[in-house]
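Analysis of the macromolecular model
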Amino acid sequence: MRETLKSAFSQLKGNKLRTFLTMLGMLIGIGAVIIILSLGEGVKEFVNSQFSTVGRGTIQIMATGGDAADLITPEDLEVLEEIPQVVDALPVHQQYTGITTDYENKDKILMLFGLTHDFEKIQSLNLRYGRMFTEQDENLKNHVIIVEDNFAKIIYQKDDPQYVIGKEIEINIGGEVHNFEIIGVAKSQYPSAAPTSMIVPIVYLPFTTMDQYIMDGEGKTYSAYVMIDEAYEASHYSKPIRKLLEKRHGKEDIYMVSSMVEMSDTYNDILEKVNLFTSVVAAISLLVGGIGIMNIMMVTVRERTREIGIRKALGATDKQILTQFLVEAVILTLLGGISGLILGYIGGLLIGSAITIVAKMTIGMVIFSVGTSSVIGIIFGVYPAYKAAKLDPIEALREE
């Protein structure tokens, strides 16, 4: 086998351009699949990291109906809190828009969230500076806000996130301008590499303060969170909670109720399906690469007919000839596969840095690259190798 490998590498080295062009199809195919898979793993890790900030026992409720009567009321949450396994039920106003002016006196859109003082039971804001809202802030409907650590850069063009603490800022909510004091700075939800020009700053207000401007202080909301005791499986309570709300409001299919575990599993399932589809499309180039290898090996057999005849005349068996050409085909595909693995991962890192996603390499990708390359080398190398092994030595020696 050592002599076979030595001879194979010698043949491939003697035809560098042909070897490279033959490998190219395999390199492109494997590289494209690795780019997709590595970015898919990066996206999955990013999504899971977002869900990990929320407790596994958390259930999110969203009112999808357009009717004011469909909104989640304070009374609904009180009824939900009567369920023995429910630890807490908290309302939240999320993803409303406000407008302020930046350091250039230009209008800047803000994304507003109204949170209760105990919202961190559900999800941590990762407060870096300042303080969280208090119960008094809610009761008095104080005009205080918490911003994220990119706020100073975007609004004031200051690099120090702590600069904004104590600052007063005007925010237009629903056509009315109100003054707010910044009391805290939280860690940004945006990836650190995201350009500030593309970021919509996130601002947190006390729930009651925001409620008086968007819901006339009635406490109704489109969304809420329910905390289930950790001793119980939260996903088992999604359907009963939805049925209870539907019964109270006399309508069906107007509430989306999902546990964080269910939502995470759904996102991961979608990502895996997208990865599978795009990988199948990219894998078509592997078939093209395999056919290219078979064609080149057929040409190689034709060019080396006389050599094959001499080797067989000197006693080489059909098995030895077949092994020789099969090994050359597998080496070609393995070199292409390993090169594709490396270049694909580098490509994933480069693309990932542009979209603020960290591409991830897994042992499964390595096995896929090496395994697929070997299998393709064997499948598409068998026929040319068989043709070489079955050449008649007398006819082969006559070949010029």
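Structure's up top.
The text that follows walks through the structure, step by step, so that each part is easy to find. This one's a predicted model, so the numbers in the text were calculated from it and none came from an experiment.

What counts, and at which threshold
- Residues numbered from 1 in each chain as written.
- Predicted model: local features only at pLDDT ≥ 70, side-chain atom pairs only at ≥ 80, totals over all residues.
- Heavy atoms only, no water.
- Core = buried A, V, L, I, M, F, W, Y, C linked by side-chain atoms within 4.5 Å.
- Buried < 20%, exposed > 50% of the residue type's maximum accessible area, 1.4 Å probe, protein only.
- Helix = DSSP H or I, 4+ residues; strand = E, 2+ residues; numbered from the N terminus.
- Expected span 1.5 Å × (residues − 1).
- Polar contact = N/O pair within 3.5 Å; in protein donor to acceptor, adjacent residues only side chain to side chain.
- Contact = heavy atoms within 4.5 Å.
- Patch = residues over 30% accessible without salt bridge, like charges linked within 9 Å, V, L, I, M, F, W, Y side chains within 5 Å.
- Areas by Shrake-Rupley, 256 points an atom, 1.4 Å probe, with all protein chains shown as cover.
- Salt bridge = Lys/Arg side-chain N within 4 Å of Asp/Glu carboxyl O.
- Phe/Tyr/Trp six-rings, centres within 6.5 Å; stacked < 30°, edge-to-face > 60°.
- Lys NZ or Arg CZ within 6 Å of the ring centre and 35° of its normal.

The next point concerns the nonpolar core. Formed by 22 residues in total, the largest nonpolar core has its most connected members in Met26, Met297, Ile308, Ile321, Phe325 and Ala388. Breaking this core down by element, the ones donating at least two residues are α2 (16-52), α8 (260-303), α10 (318-354) and α11 (363-389).

Attention shifts here to α10. If you check α10, its first and last C-alpha atoms are 54 Å apart, about what 37 residues at 1.5 Å a residue would give, namely 54 Å. The positive-phi residue at the C-terminal boundary of α10 is threonine 356, with phi of around 55 degrees.

Turning our eyes to something else, we now look at the side chain of aspartate 149. Looking at the secondary structure, you find aspartate 149 in the loop between β5 (144-148) and α5 (151-156). At 3.0 Å, the side chain of aspartate 149 and the side chain of arginine 128 are in polar contact. In this view, aspartate 149 contacts Arg128, Pro161, Val185, Ala186, Lys187 and Ser188; residues no more than four positions away in its chain are not counted.

Residues Ile338, Ile342, Leu343, Ile346, Leu350 and Val370 make up a contiguous nonpolar surface patch of roughly 520 Å² in combined accessible area. Looking at which element gives the most residues to the nonpolar patch, the answer is α10, with five residues. Note on placement: isoleucine 346 falls in helix α10.

So, about the packing of aromatic side chains. This model, assessed by the stated rule, comprises five aromatic pairs. Judged by centre distance (5.8 Å) and plane angle (45 degrees), the rings of phenylalanine 113 and tyrosine 204 are tilted. Placement of the pair is phenylalanine 113 in strand β3 (residues 107-115) and tyrosine 204 in strand β8 (residues 202-206), with a sequence separation of 91 residues. Judged on exposure class, the residue phenylalanine 113 and its partner tyrosine 204 are both buried. Their ring planes at 70 degrees and their centres at 5.9 Å tell us that phenylalanine 119 and tyrosine 225 sit as a pair that is edge-to-face. In this pair, phenylalanine 119 sits in the loop between β3 and β4 (127-130) while tyrosine 225 sits in strand β9 (residues 223-228), placing the two residues 106 residues apart along the sequence. Judged by relative accessible area, which is 8%, tyrosine 225 ranks as buried. Through a chain of ring-to-ring contacts, three or more aromatic side chains come together here, namely Phe151, Tyr156 and Tyr163. The ring of tyrosine 163 has lysine 158 sitting right over it, with the charged end atom 5.3 Å from the ring centre.

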